[in-house]
Structure formats: C-alpha cells, structure tokens
Amino acid sequence: DPDAPLRHPQIGIRTPVLHHDGRDLAAALQTIFTIGDGAALSRHLDRAFRGSQLEIEAVNGRFRTLMHMPQLGRPLDGRELSDGTLRYLCLLAALLSPRPPPLLALNEPETSLHPDLIEPLAELLASAARFSQLWVTTHSEALARHLTRLTQATPIRLQMHNGETRVVSDER
C-alpha cells in the first residue's frame, strides 16, 4: 500500500524490536547498524541484492530507508521499493534484532519475494535460528529444501485430506 507507514519517514528512535506492522523499519535497521550486528545486516543484504547498500537518512528527527542499487544512479526510498524488497528488509530487521526473541513464528515468509530471494532467505533464517527458535510455515518447496540443507531440521509435511489437515510421512 503506498500509504503504509513503513514506506514513509518515521520518528527516529532506538528500536531494537521491529513493530508488528513495520512502521519503524528505518529505526530498527539503524539500531542494528548502531548496537547490533551491522556486518551481518550488510552481508545478508548483499547476498540478496548484490552490490546494494542501505542508508538510513535522518532529517528533522525522522528516519527514512534508502536503498542504493548498483544499476541505478540514485537511491530508492521506501515509497519506491517493491513489496517484496520491503518485506525482505522487514525480515532482516526482525531476524537480526539486537534483542532476538526466544521463539519467532513466521507464516510464509517467502510471500511477495522474488524466487531469487528464496535461498538468501533460507540463509537468513538459518542464521537467526542460532539465537531464536524459529517456527516457519511455507508453501515453498525450495525454501523448505534449503532450510533442511542448512539446518538439518526435519520438516513436518502437512496435507489437506477431505477438509482435514494431516501430517504426511516423507517417503523420499
């Protein structure tokens, strides 16, 4: 939505935990750069968007997210970024939080993401799993496959049968 709060500058304060609607995205990312693992944030961003860099601009006490991409002559701000790019930035902010939660449930984190971002997303999730227990539901076979490879976690496969959700044994 063009009017979504995360697309617009917000009051800049230290934000170790991303708000549930992402309105403080710029502040959460800046907090990671300031007191969290800014190197990991830059590394995961580069893995997903080769050569890109984030800039958090502070003007009149408000932060806005700018993304520099090598193929563009100017940075894009939150109003210009795709839904998938913003979603990925929110996942970065949530999963690299300086205050990781003991449990984080993610429902279809791949939604709106370009297929090229599935493997970097799996790497981000695997990295976050070192600090939090993750519960991930997905319809993406590729995401499940990459997560299994990276974490050795055993996925639980579900299937709808006559209106009932059942656990399916994996016969591979």
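Residues numbered from 1 in each chain as written. Predicted model: local features only at pLDDT ≥ 70, side-chain atom pairs only at ≥ 80, totals over all residues. Heavy atoms only, no water.

1. Points about the pattern of salt bridges
- Inspection of the entire model under this criterion finds 12 salt bridges.
- The shortest N-O distance in the salt bridge between R47 and E123 comes to 2.8 Å. Taken together, the residues R47 in helix α2 (residues 38-48) and E123 in helix α4 (residues 118-128) connect sequence positions 76 residues apart.
- E123 sits in the partly exposed class, given a relative accessible area of 24%.
- What you see here is one network of salt bridges that share partners, running through R47, E119, E123 and R149. (Salt bridge = Lys/Arg side-chain N within 4 Å of Asp/Glu carboxyl O. Helix = DSSP H or I, 4+ residues; strand = E, 2+ residues; numbered from the N terminus. Buried < 20%, exposed > 50% of the residue type's maximum accessible area, 1.4 Å probe, protein only.)

2. Quick look at the confidence of the model for the chain
- Summing up the model confidence of the chain, the mean pLDDT is 94 and the portion of residues at 70 or higher is 98%.
- When mean pLDDT is compared element by element in the chain, α4 scores highest at 98, while strand β7 (residues 157-161) scores lowest at 90. (pLDDT = per-residue confidence, 0-100.)

3. Quick notes on the layout of surface pockets
- Quantified by volume, the largest pocket comes out at close to 1,100 Å³.
- As for the largest pocket, its lining consists of 30 residues, and the residues nearest its centre are V136, T137, T138, P155 and I156.
- Of all the secondary structure elements, the ones that give two or more residues to the lining of the largest pocket are β5 (103-107), α4, β6 (133-137), α5 (141-151) and β7.
- For the lining of the largest pocket, the leading source of residues is α5, giving 7 residues.
- Per-class residue counts for the lining of the largest pocket are 13 nonpolar, 10 polar and 7 charged. (1 Å grid on protein atoms, 1.4 Å probe; cavity = no way out; pocket = protein on both sides within 12 Å on 5 of 7 lines; lining within 4 Å. Points joined across faces, edges and corners; volume = space filled by probe spheres on them. Nonpolar A, V, L, I, M, F, W, Y, C, P; charged D, E, K, R; others polar.)

4. A look at the packing of helix α1 (residues 25-35) against helix α3 (residues 83-95)
- Put simply, α1 and α3 touch, their axes get as near as 9 Å, and they point 45 degrees apart. Classified by the angle their axes make, α1 and α3 are oblique. The hand of the α1/α3 crossing is left-handed. Judged by residue contacts, L25, A28, L29 and I32 of α1 engage L86, L89, C90, L92 and A93 from α3. (Axes fitted to C-alpha atoms, helices over the stretch in contact; angles between N-to-C directions. Parallel < 35°, antiparallel > 145°, perpendicular 65-115°, else oblique. Left-handed = near helix turned anticlockwise from the far one by under 90°. Contact = heavy atoms within 4.5 Å.)

5. Things to note about the pairing of strand β3 (residues 62-68)
- Judged from the 2 bridges that link them, strand β1 (residues 10-11) and β3 form a sheet pairing that is antiparallel. The residue of β3 that forms the bridge with Q10 is F63.
- For strand β2 (residues 53-59) and β3, the ladder comprises 7 bridges, and the chain directions are antiparallel. Directly across from L54, in β3, lies its bridge partner M67.
- Following β2, the chain reverses through 2 residues before pairing antiparallel with β3; N60 in that reversal takes a positive phi of roughly 50 degrees. (Pairing = 2+ DSSP bridges.)

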